[in-house]
Amino acid sequence: MNLTISKSEFYSTLQLVSRAISPNSPKTSLRGLKIDVKDNTMTVTGSDADISIQKVIAADDKNNLKIIEDGSILIESKYLLEIVRKIDSDTIQVEIIDGSLTKFSGNSAVFKINGMNPLDYPTIDFSKPANSVVISSAVLSDIIDQTTFATSIKETKPVLTGVNFHLDGGKLVCTATDSYRLAKKTVSITSQDTFAVTIPSKSLNEVKATMLSSDESSDIEIYLNDKKAQFIGDGMVLQTRLLDGGYPETDRLIPTEFKYELEMSRNDLIHAIDRTTFIKTDNMTINRLQCSQEEIVLTNKSQEIGESHETLVANYTGEPLDISFSGNYVMEAARAIHSDKIKIKFVGEMRPFILSSDEDPSILQLVLPVRTYN
């Protein structure tokens, strides 16, 4: 293998692909980035066995890729990134000079690094699954932002650590829950396919970080089957395993009739709760909301720290209501609703309540109240 390439293009590709790597993996080959050069293209692959990223660079004027000799090499990612970052040159030459010994050179700097046999790299099947949808980067970014925060961080129920994607009749419903709160995003999709899969939130956040940070007007192709999901865009493939197990029937948890309703500025609600987050009970911020036609009061009390009391500006309909909840849960749910006004609808003091907006009916957030003894 022998090639020259723009340093900036090479380094940005290595940074993206290395996000799939676990630097402490017990399997040496999975700590490496595999570089394949063939047919006037360079392909860089990284994987931790759960998430795999592959980026293809075709020679053009931007990357200045010039291939002198085809070949493959596997090099530990931390060394590869350090070398490319520290070479002070616009163009870098990469050449295998003896077996797996690889030379990196630019200007007067030369590094010779021992690589690994690329045949030791695990075979990763990047073939496309049968089911597919196309989603704009902006919509996919919203789905990820508005759902992943509600997934569980505990491995006791693995399926709850992901977001459930359910497509049927041209409607894609994305649901996340940790059993104490729920986030649901619904979008219309032009597709005749039907599927229900659960994608790890970690993988979705990697999609957000690696594929959705630049041009939100572009489209992302998603291919799925019962084992894996692929996200494809701009010459890059991010492939992830799916979570096993049936996703809970969450629709039955969402109330459809309400007795009380609070409407107010989304930012005012977020800021009011945020001002109380330092007051914790058992390491949790528990807010109490007391609503009546006369006033709406948000309080927080801790025997160890102290208390807060704030009157909110809001419109309230219904009988007097006294309800407590996790302040962080409600604050995160409110942040996920991208509108100026927010509605909170209640059924009762110990029943789940929902946060929504007339400006964006595609998103719904649900939070379970907390029992307190004030």
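Preceding this section is the structure that the text describes.
Residues numbered from 1 in each chain as written. Predicted model: local features only at pLDDT ≥ 70, side-chain atom pairs only at ≥ 80, totals over all residues. Heavy atoms only, no water.

S.K.: Any chance you could explain the packing of helix H3 (residues 137–147) against helix H4 (residues 201–211) here in plain terms?
M.R.: Relative placement of two packed helices is described by the angle separating their axes and the distance separating the axes. Where H3 meets H4, the axes come as close as 10 Å, and the angle between the chain directions of the two elements is 135 degrees. Classed by the angle they form, the pair H3 and H4 counts as oblique. As H3 packs across H4, the resulting crossing turns out to be left-handed. Taken together, the residues of H4 that come into contact with H3 (itself represented by Leu-140, Ser-141, Ile-144 and Asp-145) are Leu-204, Asn-205, Val-207 and Lys-208. Classifying every residue of the contact of H3 with H4 by side-chain character gives four nonpolar, two polar and two charged. (Axes fitted to C-alpha atoms, helices over the stretch in contact; angles between N-to-C directions. Helix = DSSP H or I, 4+ residues; strand = E, 2+ residues; numbered from the N terminus. Parallel < 35°, antiparallel > 145°, perpendicular 65-115°, else oblique. Left-handed = near helix turned anticlockwise from the far one by under 90°. Contact = heavy atoms within 4.5 Å. Nonpolar A, V, L, I, M, F, W, Y, C, P; charged D, E, K, R; others polar.)

S.K.: Even after reading the chapter, I still don't get the pattern of salt bridges, so can you show me in this structure?
M.R.: Opposite charge on two side chains lets them pair, provided their charged atoms get close. Scanning the entire structure with this criterion turns up 19 salt bridges. Two residues, Asp-50 and Arg-241, come together in a salt bridge whose shortest N-O distance is 2.8 Å. One end of the pair, Asp-50, is in the loop between strand S3 (41–47) and strand S4 (51–58); the other, Arg-241, is in strand S17 (residues 236–241), with 191 residues separating them in the sequence. Assessed through its relative accessible area of 36%, Arg-241 is described here as partly exposed. The partner of Lys-103 in a salt bridge is Glu-95, and the shortest N-O contact between them spans 3.9 Å. Judged by relative accessible area, Glu-95 falls into the partly exposed class, the value being 21%. (Salt bridge = Lys/Arg side-chain N within 4 Å of Asp/Glu carboxyl O. Buried < 20%, exposed > 50% of the residue type's maximum accessible area, 1.4 Å probe, protein only.)

S.K.: What am I meant to see in the sheet that holds strand S14 (residues 195–200) here?
M.R.: Each strand in a sheet pairs with another by means of backbone hydrogen bonds, the pair being arranged parallel or else antiparallel. Strands sit in the order S14-S11-S12-S13-S26-S25-S24-S18-S22 across an open sheet of nine strands; the sheet is antiparallel. Two strands lie at the open edges of the sheet, namely S14 and strand S22 (314–317), each paired on one side alone. Shown here is a sheet whose adjacent strand axes are inclined to one another by a mean of 15 degrees, direction ignored. (Pairing = 2+ DSSP bridges.)

S.K.: Sorry if this is basic, but what is going on with the pairing of strand S7 (residues 91–98) here?
M.R.: The side chains of a regular strand alternate, first on one face of the sheet and then on the other. Where strand S1 (residues 2–6) lies against S7, five bridges are found, and the strand directions are antiparallel. Of the residues in S7, the one forming a bridge with Thr-4 is Gln-93. As judged from the five bridges shared by S7 and strand S8 (residues 101–106), these two strands associate in the antiparallel manner. Bridge pairing in S8 places Gln-93 opposite Ser-105. Linkage of S7 to S8, two consecutive antiparallel strands, is achieved through a turn of two residues, within which Gly-99 is found at a positive phi near 65 degrees.

S.K.: When you look at empty space enclosed by the protein in this model, what are you seeing that I'm missing?
M.R.: Gaps left between atoms are located by rolling a probe of water-molecule size over the structure's atoms. For the structure shown, the criterion picks out one cavity of 30 Å³ or more. By volume, the largest cavity amounts to about 40 Å³. In this structure, the largest cavity is lined by Leu-262, Leu-269, Leu-289, Leu-298, Phe-325, Ile-344, Phe-346 and Phe-353. (1 Å grid on protein atoms, 1.4 Å probe; cavity = no way out; pocket = protein on both sides within 12 Å on 5 of 7 lines; lining within 4 Å. Points joined across faces, edges and corners; volume = space filled by probe spheres on them.)

S.K.: Just to check I follow, could you spell out helix H1 (residues 7–18) for this structure?
M.R.: Counting along an α-helix, one turn takes 3.6 residues, and residues three or four places apart therefore face a common direction. The end-to-end C-alpha distance of H1 is 16 Å, a good match for the 16 Å that twelve residues give at a rise of 1.5 Å each. Within the sequence span of H1, burial applies to Lys-7, Glu-9, Phe-10, Thr-13, Leu-14, Val-17 and Ser-18. Projected down its long axis, H1 carries its buried residues within an arc of 170 degrees, all on one side. (Expected span 1.5 Å × (residues − 1). Arc of directions from axis to C-beta.)

S.K.: Sorry, what's going on with the packing of H1 against helix H2 (residues 77–86) here?
M.R.: Interhelical geometry of H1 versus H2 gives an angle of 155 degrees and a closest axis separation of 10 Å. Comparing their axes, H2 and H1 come out roughly antiparallel. When you trace H1 past H2, the crossing you get is left-handed. Listed contacts from H2 to Lys-7, Phe-10, Tyr-11, Leu-14, Gln-15 and Ser-18 of H1 are Leu-80, Leu-81, Val-84 and Arg-85. Residues of the contact of H1 with H2, tallied by class, amount to six nonpolar, two polar and two charged.

S.K.: How do you make sense of the packing of aromatic side chains when you look at a structure like this?
M.R.: Two numbers describe a pair of aromatic rings. These are the distance of the centres and the angle of the planes. Enumeration according to the criterion identifies two aromatic pairs in this entry. The side chain of Arg-181 reaches across the aromatic face of Tyr-329, ending 4.0 Å from its centre. (Phe/Tyr/Trp six-rings, centres within 6.5 Å; stacked < 30°, edge-to-face > 60°. Lys NZ or Arg CZ within 6 Å of the ring centre and 35° of its normal.)

S.K.: Explain the side chain of Glu-9 to me, please; I cannot follow it from the model alone.
M.R.: In this fold, Glu-9 is placed in helix H1. Of the side chains with opposite charge, Lys-62 comes closest to the buried, unpaired Glu-9, at an N-O distance of 4.2 Å. Leave out the neighbours within four places in its chain, and Glu-9 touches Lys-62 and Asn-63. (Lys, Arg positive; Asp, Glu negative; His and termini not counted.)

S.K.: Help me understand the sheet that holds strand S6 (residues 71–76), please; the structure alone is not making it clear to me.
M.R.: Overall, antiparallel pairing links the eight strands, which are arranged S6-S2-S3-S4-S17-S16-S15-S10 in an open sheet. Taken across any chain shown, the strands that pair with only one partner, and hence form the sheet edges, are S6 and strand S10 (131–136). Within this sheet the neighbouring strands show an average axis-to-axis angle of 15 degrees, counted without direction. Pairing geometry for strand S2 (residues 32–38) and S3, over five bridges, is antiparallel. Within S3, the position partnered with Asp-36 by the bridge is Thr-43. The strands that H2 touches are S2 and S6; relative to S6, the one it contacts most, it runs at about 100 degrees. Those strands touched by H4 are S4, strand S15 (219–224), strand S16 (228–233) and S17, and its axis lies near 170 degrees from that of S17.

S.K.: What exactly am I supposed to notice about unusual backbone geometry here?
M.R.: Positive phi, close to 55 degrees, is recorded for Asp-234, a residue that is not glycine. Topologically, Asp-234 is positioned in the loop between S16 and S17. Classification of Asp-234 as exposed rests on a relative accessible area of 70%. Unusually for a residue other than glycine, Asn-283 sits at a positive phi of about 65 degrees. Tracing the chain through its elements places Asn-283 in the loop between helix H5 (266–274) and strand S19 (286–291). Exposure remark for Asn-283: the relative accessible area of 67% places this residue in the exposed category.

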